[in-house]
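Given next are the chains, with one letter for each unit.
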Amino acid sequence: MKFIKSLVLAFIILIVTTSIVSAQEKTQNTDNTKTITVKVKGINCSMDLKMISANVEKLKGVSSCKSGKMGTTSSFVVTFNPLLVTEKEINKAIENTGSCENPEEKSYKVKQ
């Protein structure tokens, strides 16, 4: 009888420990995100905003890229995991996006 109680107690401790470790891993994964605002010059139409957002969201580690209003300088709010992608890579993806009028033209500039 003591053996069965010890076995059940060991099993309960194992389950609780596994649950705690799993919860810590989930917390760590959500803590690795960072949100930045990137200001971009050279955007001429609303389709440009969509193309830039879509291009940035293709990067591994970027969870979202939301554009603001179009103007002389447009803003993008980018949420990403800095362990998987850098701000420099995000800026490069923006600047390498072709415009909707001329896809070969790289007219966007990230404002530093």
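Please read these numbers as outputs of a predicted model, since none were measured by experiment. (Residues numbered from 1 in each chain as written. Predicted model: local features only at pLDDT ≥ 70, side-chain atom pairs only at ≥ 80, totals over all residues. Heavy atoms only, no water.)

1. So, the overall build of the chain
- Along the chain, the regular secondary structure elements total three helices and four strands.
- Residue burial in the chain is summarised as follows: out of 112 residues, 25% are buried.
- Within the chain, counting contacts between residues at least 6 apart in sequence, those at least 24 apart form 61% of the total.
- Total accessible area on the chain is roughly 7900 Å²; 59% of this is exposed by carbon and sulfur atoms. (Helix = DSSP H or I, 4+ residues; strand = E, 2+ residues; numbered from the N terminus. Buried < 20%, exposed > 50% of the residue type's maximum accessible area, 1.4 Å probe, protein only. Contact = heavy atoms within 4.5 Å. Areas by Shrake-Rupley, 256 points an atom, 1.4 Å probe, with all protein chains shown as cover.)

2. A look at the confidence of the model for the chain
- In this model, the chain carries a mean pLDDT of 82, and residues with pLDDT of at least 70 account for 77%.
- Note on residues 24-29: pLDDT under 50 across the span, and zero contacts to partners over four residues away in sequence or across chains. (pLDDT = per-residue confidence, 0-100.)

3. Some points on the environment of threonine 37
- Relative to the assigned elements, threonine 37 resides in strand 1 (residues 34-41).
- Placed 30 residues apart in sequence, threonine 37 and serine 67 show a C-alpha to C-alpha distance of 9.5 Å.
- Contacts of threonine 37, omitting those with residues within four sequence positions, involve Ser75, Phe76 and Val77.

4. Structural notes on the pairing of strand 3 (residues 73-80)
- One ladder, built from eight bridges, connects strand 1 with strand 3; its direction is antiparallel. Residue valine 38 lies in a different strand from strand 3, and its bridge partner there is phenylalanine 76.
- In sequence, strand 2 (residues 62-67) turns back onto strand 3 through a hairpin of five residues. (Pairing = 2+ DSSP bridges.)

5. Notes on the packing of helix 2 (residues 46-57) against helix 3 (residues 87-95)
- Remark: helix 2 packs on helix 3, axes separated minimally by 9 Å, with the N-to-C direction vectors making an angle of 140°. If you check the angle between helix 2 and helix 3, you find them oblique. Both helix 2 and helix 3 take part in a crossing whose hand is right-handed. Residues Ile52, Asn55 and Val56 of helix 2 form the contact with helix 3, whose own contacting residues are Ile90, Ala93 and Ile94.
- Along the lines of polarity and charge, the residues of the contact of helix 2 with helix 3 split into five nonpolar, one polar and no charged. (Axes fitted to C-alpha atoms, helices over the stretch in contact; angles between N-to-C directions. Parallel < 35°, antiparallel > 145°, perpendicular 65-115°, else oblique. Left-handed = near helix turned anticlockwise from the far one by under 90°. Nonpolar A, V, L, I, M, F, W, Y, C, P; charged D, E, K, R; others polar.)

6. Brief notes about the nonpolar core
- Within the largest apolar cluster, 18 residues are counted, with the highest numbers of intra-cluster contacts made by Val56, Phe76, Val78, Ile90 and Ile94.
- Ignoring any residue separated from it by four or fewer positions in sequence, one finds isoleucine 94 in contact with Val38, Val40, Ile52, Val56, Tyr108 and Val110. (Core = buried A, V, L, I, M, F, W, Y, C linked by side-chain atoms within 4.5 Å.)

7. Regarding the sheet that holds strand 1
- Strand order in the open sheet made by the four strands is 2-3-1-4, with antiparallel pairing throughout. Where the open sheet ends on each side, the last strands, each with one partner, are strand 2 and strand 4 (109-111). Neighbour-to-neighbour, the strand axes of this sheet turn through a mean angle of 35°, independent of strand direction.
- Both strand 2 and strand 3 contribute to a ladder of five bridges, which runs antiparallel. Paired with serine 67 across the strands is phenylalanine 76, a residue of strand 3.
- Sheet contacts for helix 3: strand 1, strand 2, strand 3 and strand 4; angle to strand 1, the most-contacted strand, approximately 35°.

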